[in-house]
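Descriptive structure summary
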Amino acid sequence: MKIVQIILFTAAVTFVHSRSRGKDYEKEKICQHYSMLGREKFKASGIVIYSQKFSTSTFQQVNAVLDAVVNLAARCCAEGADPSCYDDGATAMSEVSCMEDSPFPKHPGITKCCEEQSLERKLCLANLRVLSEEFPSLEEPTDDEVCKQFTADPKGYMERYLYELARRHGSVPAGLVLNATDSYSRMVASCCSSSQSKVCFLKERLQQKNSKLFLRLASHLCHNQVHFKSLSTGLAVSFGQMIPSASFEEVFPIAEYLQQGLAKCCFNPNPECLVKEFIGLKTVLCTNSTLPAKYDKLEKCCTKPCLDVLPCVDSLDAQPPIQLSEIQEPVNEDLCKDASSVTINKYFFEIGKRHQHLPIPILATIFGGFNKMVNSCCSAEDSNTCLNAKRPLMKKEIGTFTSKANEICENYRKLDFTVYKERTLTHFQEKLPGATKEEINKKVEEQAEFASTCCFPKGPPLRCQKLVNTIGHTCDGDTCLLI
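Please read all numbers here as calculations on a predicted model, not as lab measurements.

Some points on the overall build of the chain
Assigned secondary structure in the chain consists of 24 helices and 0 strands. Against the globule reference of 23 Å for 483 residues, the chain gives a C-alpha radius of gyration of 26 Å, in line with a compact fold. Here the C-alpha coordinates of the chain stretch approximately 75 × 65 × 60 Å along the principal axes. A burial count over the chain gives 49% of its 483 residues as buried. Residue pairs at least 24 apart in sequence account for 70% of intrachain contacts in the chain once pairs closer than 6 positions are excluded. With an accessible surface of roughly 24400 Å², the chain has 51% of that area assigned to carbon and sulfur atoms. Looking at the chain, you have 57 positive and 58 negative side-chain charges, and the mean spots of the two groups are 3 Å apart.

A few points about the pattern of salt bridges
Summed over the entire model, instances satisfying the criterion amount to 21 salt bridges. Between glutamate 140 and lysine 212 there is a salt bridge, with its nearest N and O atoms 3.5 Å apart. Note that glutamate 140 is positioned in the loop between helix 7 (118-127) and helix 8 (143-152) and lysine 212 in helix 12 (residues 209-227), a separation of 72 residues in sequence. For glutamate 140, a relative accessible area of 26% corresponds to the partly exposed category. On the basis of relative accessibility, which here comes to 32%, the residue lysine 212 falls in the partly exposed class. Taking the shortest distance from any N to any O, the salt bridge between lysine 198 and aspartate 144 comes out at 3.9 Å. Of this pair, lysine 198 sits in helix 11 (residues 197-207) while aspartate 144 sits in helix 8, placing them 54 residues apart in sequence. When salt bridges with common partners are traced through the structure, they connect Glu40, Lys43, Asp67, Lys155 and Glu159 into a single cluster.

Considerations on the packing of aromatic side chains
Applying the stated criterion across every chain, the model contains 14 aromatic pairs. Taken together, a centroid distance of 4.6 Å and an interplanar angle of 20 degrees make the contact between phenylalanine 348 and phenylalanine 367 stacked. Of the two residues, phenylalanine 348 is situated in helix 19 (residues 340-353) and phenylalanine 367 in helix 20 (residues 360-378); the sequence distance between them amounts to 19 residues. Grouping residues by exposure puts phenylalanine 348 and phenylalanine 367 together as buried. Cluster of aromatic residues (ring-pair linked, three or more members): Tyr347, Phe348, Phe367 and Phe370. The side chain of arginine 167 reaches across the aromatic face of phenylalanine 135, ending 4.2 Å from its centre.

Side note on the nonpolar core
The biggest cluster of nonpolar side chains holds 131 residues, and the ones touching the most others in it are Leu262, Phe278, Leu285, Leu291, Ile362 and Phe370. Excluding anything up to four places from it in sequence, phenylalanine 370 contacts Leu335, Ile344, Tyr347, Phe348, Met394 and Ile398.

Quick notes on the state of the cysteines
For the structure on display, the rule yields 15 disulfides. Between the sulfur atoms of cysteine 98 and its disulfide mate cysteine 114 the distance is 1.9 Å. Across the S-S bond linking cysteine 98 and cysteine 114, the dihedral sits near -90 degrees, which makes this disulfide left-handed. Of this pair, cysteine 98 sits in the loop between helix 5 (85-97) and helix 6 (110-114) while cysteine 114 is found in helix 6, placing the two residues 16 residues apart along the sequence. Classification of cysteine 98 as partly exposed rests on a relative accessible area of 25%. Its relative accessible area of 19% is what places cysteine 114 among the buried residues. Across the disulfide from cysteine 409 sits cysteine 455; the S-S distance is 2.0 Å. Disulfide cysteine 409-cysteine 455: torsion about the S-S bond near -75 degrees, hence left-handed. Note that cysteine 409 is positioned in helix 21 (residues 383-414) and cysteine 455 in the loop between helix 23 (437-454) and helix 24 (461-467), a separation of 46 residues in sequence. Cysteine 306 forms no disulfide, and the closest cysteine sulfur to it belongs to cysteine 286, at a distance of 8.7 Å.

Procedures and definitions
- Residues numbered from 1 in each chain as written.
- Predicted model: local features only at pLDDT ≥ 70, side-chain atom pairs only at ≥ 80, totals over all residues.
- Heavy atoms only, no water.
- Helix = DSSP H or I, 4+ residues; strand = E, 2+ residues; numbered from the N terminus.
- Rg over C-alpha atoms; globule rule 2.2 N^0.38 Å.
- Buried < 20%, exposed > 50% of the residue type's maximum accessible area, 1.4 Å probe, protein only.
- Contact = heavy atoms within 4.5 Å.
- Areas by Shrake-Rupley, 256 points an atom, 1.4 Å probe, with all protein chains shown as cover.
- Lys, Arg positive; Asp, Glu negative; His and termini not counted.
- Charge placed at Lys NZ, Arg CZ, Asp CG, Glu CD.
- Salt bridge = Lys/Arg side-chain N within 4 Å of Asp/Glu carboxyl O.
- Phe/Tyr/Trp six-rings, centres within 6.5 Å; stacked < 30°, edge-to-face > 60°.
- Lys NZ or Arg CZ within 6 Å of the ring centre and 35° of its normal.
- Core = buried A, V, L, I, M, F, W, Y, C linked by side-chain atoms within 4.5 Å.
- Disulfide = S-S within 2.5 Å.

Given below as structure tokens:
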């Protein structure tokens, strides 16, 4: 499927009728895309958009709304169709969406939309989006099972695959998901009809390896763009952990370039936007910065083709920290200035690169807690007194938090999982002598889940921010500033 054709669906499927543009314009746009793509590709594009927008919906719910959309386009874009056909049909669909037993996706917030009428209701429904869930990676059946399912129902098999892939990559351009699915579809159709299907699958999967890695990396970065308020700082920390000798001033422009590109392109259905930003990163990182000269492996990444540079950089491990001077604490006046974000970002950067075992999903707890304290104090009547009272407490909690998290992640990476759990069990038995067996086992399972989920650079941000509480309180009282 041509990339330029992917742009169609953001407005088309969601029935956005801008007052300034008018419903006739939207109908014309929908009909143009329906005519250009044809029924099947039109529906495939819609499956991606709806599966991304409402990842908690079932395949049956997504399929139901897309069948309605496709039928609406087929009926109302036909020559001689009643001029009011499209608007009446869109209104009827919005009413079905608000039914208690609606077969369409159940959106959080839909109740509020359904209190509106007519155009306002349709606009409200169109703007709903569920923040994408963090699903396990898509596990494909064996080659024989793939061929059995595909041969029995080629169209149904590929639609379900498209749904599963899209809901797992809810923040990337829709075109990336469609392109990946097209490649997968060609592979399955070719290999399932081959006399040497196993050899065929092996060869095709090897050829698709780089494109799959690209999709996975784009999905990870875009997901973090959605869920991390301080992503540019987090990206800067990642570079600082990779190259501990690098300064904040050296890494932040690169991190900011990448974050701004993600903000602009992740929800743009056309993947060319994101591809262009990733290509531009080679110049920013490899030509305009001093970082390659500080790390030979990064310098080697810079010799690769443009689109291979970022995946190569992403594969590099954090380096052991060098001997660094004590962190320079920011002064109160700088924290409350308009440019305080630079001061805070630099402070976080210095903390993060001194804890190379702590990935961004864990460090985000520090970022959030410190920002919350600063915002609260800087809006207080006496900001200086507030900061003087809370900063020592926050510093102590950050030390406790990083020490606990660093120990958990360092031990988890060193030990076999079974050994890690055994040592964790012993730790809690010694620490909590009065606890029951059930209470101890619960603690062990919680900490093991936290370690196995969050002690890696690509830890899922939503789950990790929930699991981080298993580390335990960071203060002695009831007014902890972190957890």
